[in-house]
Amino acid sequence: MPHSPPPRPPPAAAHVRDDALLRHIPAQDYRRVRWRNGLGWTREVMQWPGDGDWDWRASVTEIEADAAFSSFPGIERSLVLLQGEGLQLHVEGHTHAGGTGPSVSAVDPPHGRCDFDGDRAVRAVLHAGPVHVFNLMWRRGRLQADLWRRPLVGSMVLFAVPDEQWVVYALAGHAMVGDGERRLHLAAGDSALIAAHAARLRCMIEGGGEILLARLRPVDASGRQSTD
């Protein structure tokens, strides 16, 4: 009588505990999809939750020519330049020094940044050739997002509280992310997801280079962000 095959072990990239999740997302595993308006491509790093109706999404967006961005009503967005000579973002309806109207934000090398409302009409105008940007999007009124660029020399400690998610993106060099039970190695372009469910989670980030850190946490019914 034939024996049934043994059960498969969980994927090496995912580390799941009752109270936390630690996942390595190699750059080659990012899912490449068309922009919503069909004018470009993005490589999806992660979305949460993963059933399509996400609260937040991180991706690496490829901008090959001047183009209008897709509309994302109810979504806040942050872009950080990863590769290329930079771009300008023409954002309709922004409030700026001259009043309310179209504003222009320069996203220059090495890692310029622009934050804007996904409801706005936005057009990207390239300085000189294609660029790649880190694209963080989150649902307004449901989440608070923070995004930092940090040099990585030696080690740093990250504390995630329940219902909080963190994304670590390796800009340059390499990073090790560990929770005391497992260590993940991130090469440049790789990411890690850290999610605290039922208990506070302590993670150590070590290595040499530069990283992006994104923190996503819920807001309460009054619209205030949760506290640490």
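In this text the structure is predicted, and so the values were computed from the model without any measurement. (Residues numbered from 1 in each chain as written. Predicted model: local features only at pLDDT ≥ 70, side-chain atom pairs only at ≥ 80, totals over all residues. Heavy atoms only, no water.)

A. Quick peek at the overall build of the protein. A tally of regular secondary structure across the protein gives zero helices and 17 strands. Out of the 228 residues in the protein, the part that is buried amounts to 47%. Put simply, of all contacts in the protein between residues at least 6 apart along the chain, 71% involve residues at least 24 apart. About 11,400 Å² of surface is accessible on the protein, with carbon and sulfur atoms providing 51% of the total. (Helix = DSSP H or I, 4+ residues; strand = E, 2+ residues; numbered from the N terminus. Buried < 20%, exposed > 50% of the residue type's maximum accessible area, 1.4 Å probe, protein only. Contact = heavy atoms within 4.5 Å. Areas by Shrake-Rupley, 256 points an atom, 1.4 Å probe, with all protein chains shown as cover.)

B. Structural view of the pairing of strand β4 (residues 41-48). In terms of burial, β4 is largely enclosed, as six of its eight residues are buried. Relative to β4, strand β3 (residues 31-34) runs antiparallel, the two sharing four bridges. Bridge pairing links Arg 34 to Trp 41 in β4. With antiparallel pairing between neighbouring strands as the criterion, β3 and β4 make up a hairpin whose turn holds six residues, including Gly 38 at a positive phi of roughly 80°. Here β4 pairs with strand β5 (residues 56-63) via seven bridges, running antiparallel. When the sheet's bridge partners are listed, Gln 47 is paired in β5 with Arg 57. (Pairing = 2+ DSSP bridges.)

C. The arrangement of the packing of aromatic side chains in detail. In total, this model carries five aromatic pairs according to the counting rule given. Judged by centre distance (6.3 Å) and plane angle (45°), the rings of Trp 54 and Phe 72 are tilted. With Trp 54 in the loop between β4 and β5 and Phe 72 in the loop between β6 (67-68) and β7 (75-83), this pair connects stretches of sequence that are 18 residues apart. Accessibility classification places Trp 54 together with Phe 72 in one group, the buried group. Relative to Tyr 169, the ring of Phe 134 lies with its centre 5.3 Å away and its plane at 50°, an arrangement referred to as tilted. Placement of Phe 134 in strand β12 (residues 131-139) and of Tyr 169 in strand β14 (residues 164-178) is noted, with a sequence separation of 35 residues between them. One aromatic cluster is present, formed by Trp 35, Phe 69 and Phe 116 through successive ring pairs. The ring of Trp 41 carries Arg 32 above its face, with NZ or CZ at 4.3 Å from the centroid. (Phe/Tyr/Trp six-rings, centres within 6.5 Å; stacked < 30°, edge-to-face > 60°. Lys NZ or Arg CZ within 6 Å of the ring centre and 35° of its normal.)

D. Fine view of the pattern of salt bridges. All told, the structure shown has 13 salt bridges when counted by the stated rule. Asp 55 serves as the salt-bridge partner of Arg 142, at 2.4 Å between the closest nitrogen and oxygen. Here the residue Arg 142 occupies a position in the loop between β12 and β13 (143-160), and Asp 55 occupies one in the loop between β4 and β5, the gap between them amounting to 87 residues. Assessed through its relative accessible area of 41%, Arg 142 is described here as partly exposed. Judged by relative accessible area, Asp 55 falls into the buried class, the value being 16%. (Salt bridge = Lys/Arg side-chain N within 4 Å of Asp/Glu carboxyl O.)

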